[in-house]
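One letter stands for each residue in the lines below.
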Amino acid sequence: MHATASAVAFEAWARPGPDRRGYRNDAIIAVVFALGAALSMSLYARAGFYPHPAPVWVDVLWVAFIALPLAARRRWPCTVALVVTAAFVVGQQLSVPEMLVGNITTFFVFYTVGAWHSNRARAAAVRGLIIVSMFIWLFGSLWLQVGDPTAVPNVSRAGLVSP
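All of the points below concern the structure found in this document.

**Description of the side chain of Ser95**
Considering the arrangement of structural elements, one finds Ser95 in the loop between helix H4 (77-93) and helix H5 (100-116). Setting aside residues no more than four positions away along its own chain, Ser95 makes contact with Tyr50, His52, Pro53 and Ala54.

This is the structure in structure tokens:
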């Protein structure tokens with residue numbers, strides 16, 4: 001009987017919403033991540049990480065979509081997670097020269113969904129959707145690279161899946 005009462009109490013518990021200070025801290029975090037992404041991007045670009053990086057206007061938009069939604073992460077955790085994850089994937093596809101802060105931000109919003117969404121089933125569904133989508137994107141990209149003879153020109157293309 002006691003275990004059932006504890007389970008019901010746990011299901012009924014919800015994390016209290018953040019106060020004004022919490023929202024202000026989220027806005028500061030968003031700006032810090034945006035500045036970090038811009039700095040990291042300039043270092044990756046200078047190092048020549050991509051032979052044909054995205055245009056600067058794409059980089060600026062990417063920074064906005066990867067970092068600024070963090071200001072609303074506790075208010076709308078699932079929406080922010082989906083926006084940031086989509087920005088991450090689009091940035092990779094468009095060769096935005098930044099991988100450090102984008103990865104950190106993606107994991108950060110993934111955590112936020114579990115920590116701040118009040119509906120556990122919806123939080124699990126959104127995280128599951130993100131995981132499945134990332135695997136589909138990852139393996140789809142790998143499959144396309146395998147068939148592209150210009151991707152790694154000195155590697156043999158013999159066999160179903162080349163080295």
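After presenting the structure, the write-up continues.
**A short note on the layout of surface pockets**
When its volume is computed, the largest pocket comes out at roughly 730 Å³. In terms of lining residues, the largest pocket is bounded by 22 residues, among which Gln92, Gln93, Trp137, Leu138 and Ser141 are the most central. Contributions of two or more residues to the lining of the largest pocket are made by H4, H5 and helix H6 (120-147). Considering each element in turn, the lining of the largest pocket owes the most residues, 10 residues, to H6. Of the residues in the lining of the largest pocket, the class split is 14 nonpolar, eight polar and no charged. Its boundaries defined by the atoms lining it, the second largest pocket holds a volume of some 150 Å³. Along the walls of the second largest pocket sit Arg15, Gly17, Pro18, Tyr23, Arg74, Arg75, Trp76, Pro77, Trp116, His117 and Ser118, which together make up its complete lining.

**Some thoughts on the pattern of salt bridges**
One pass over the structure, following the stated rule, counts two salt bridges. Asp26 is the partner of Arg73 in a salt bridge, and the nearest nitrogen-oxygen pair spans 3.1 Å. Taken together, the residues Arg73 in the loop between helix H3 (56-67) and H4 and Asp26 in helix H2 (residues 20-47) connect sequence positions 47 residues apart. Each member of the pair Arg73 and Asp26 is classed as buried. Taking the shortest distance from any N to any O, the salt bridge between Asp26 and Arg74 comes out at 2.9 Å. Residue Asp26 is located in helix H2, and its partner Arg74 is located in the loop between H3 and H4; the two are separated by 48 residues in the primary sequence. Connected through salt bridges with shared partners, the residues Asp26, Arg73 and Arg74 form a single ionic network.

**A few points about the environment of Arg46**
Within the secondary structure, Arg46 sits in helix H2. Relative accessible area serves as the criterion here: at 76%, Arg46 is assigned to the exposed category. Considered as a pair, Arg46 and Pro97 are 51 residues apart in the sequence and their alpha carbons are 9.2 Å apart.

**What about the packing of aromatic side chains?**
Scanning the entire structure with this criterion turns up five aromatic pairs. Summarising the aromatic geometry, the rings of Phe33 and Phe108 are spaced 5.4 Å apart at their centres and angled 25° between planes, so their arrangement reads as stacked. Linking Phe33 in helix H2 with Phe108 in helix H5, this pair joins segments that are 75 residues apart in sequence. Note on Phe33: relative accessible area 17%, which makes it buried. Pairing Tyr44 with Phe49 gives two aromatic rings, centres 5.0 Å apart and planes at 80°, and the pair type is edge-to-face. Overall, the relative accessible area of 23% leaves Tyr44 in the partly exposed class. Look at Phe49 and you get partly exposed, because its relative accessible area is 41%. The ring of Tyr23 is capped by Arg75, whose NZ or CZ atom sits 4.2 Å from the centre of that ring.

**So, H4**
With 17 residues, H4 should cover 24 Å at 1.5 Å per step; its first-to-last C-alpha distance of 24 Å lies within 8% of that length. Of all the positions in H4, only Pro77, Cys78, Val80, Ala81, Val84, Thr85, Ala87, Phe88, Val89, Gly91 and Gln92 are classed as buried. Among the structural elements, H3, H5 and H6 are those in contact with the buried residues of H4. Ser95 sits one or two residues past H4 and shows a positive phi near 65°.

Definitions and cut-offs
- Residues numbered from 1 in each chain as written.
- Predicted model: local features only at pLDDT ≥ 70, side-chain atom pairs only at ≥ 80, totals over all residues.
- Heavy atoms only, no water.
- Helix = DSSP H or I, 4+ residues; strand = E, 2+ residues; numbered from the N terminus.
- Contact = heavy atoms within 4.5 Å.
- 1 Å grid on protein atoms, 1.4 Å probe; cavity = no way out; pocket = protein on both sides within 12 Å on 5 of 7 lines; lining within 4 Å.
- Points joined across faces, edges and corners; volume = space filled by probe spheres on them.
- Nonpolar A, V, L, I, M, F, W, Y, C, P; charged D, E, K, R; others polar.
- Salt bridge = Lys/Arg side-chain N within 4 Å of Asp/Glu carboxyl O.
- Buried < 20%, exposed > 50% of the residue type's maximum accessible area, 1.4 Å probe, protein only.
- Phe/Tyr/Trp six-rings, centres within 6.5 Å; stacked < 30°, edge-to-face > 60°.
- Lys NZ or Arg CZ within 6 Å of the ring centre and 35° of its normal.
- Expected span 1.5 Å × (residues − 1).

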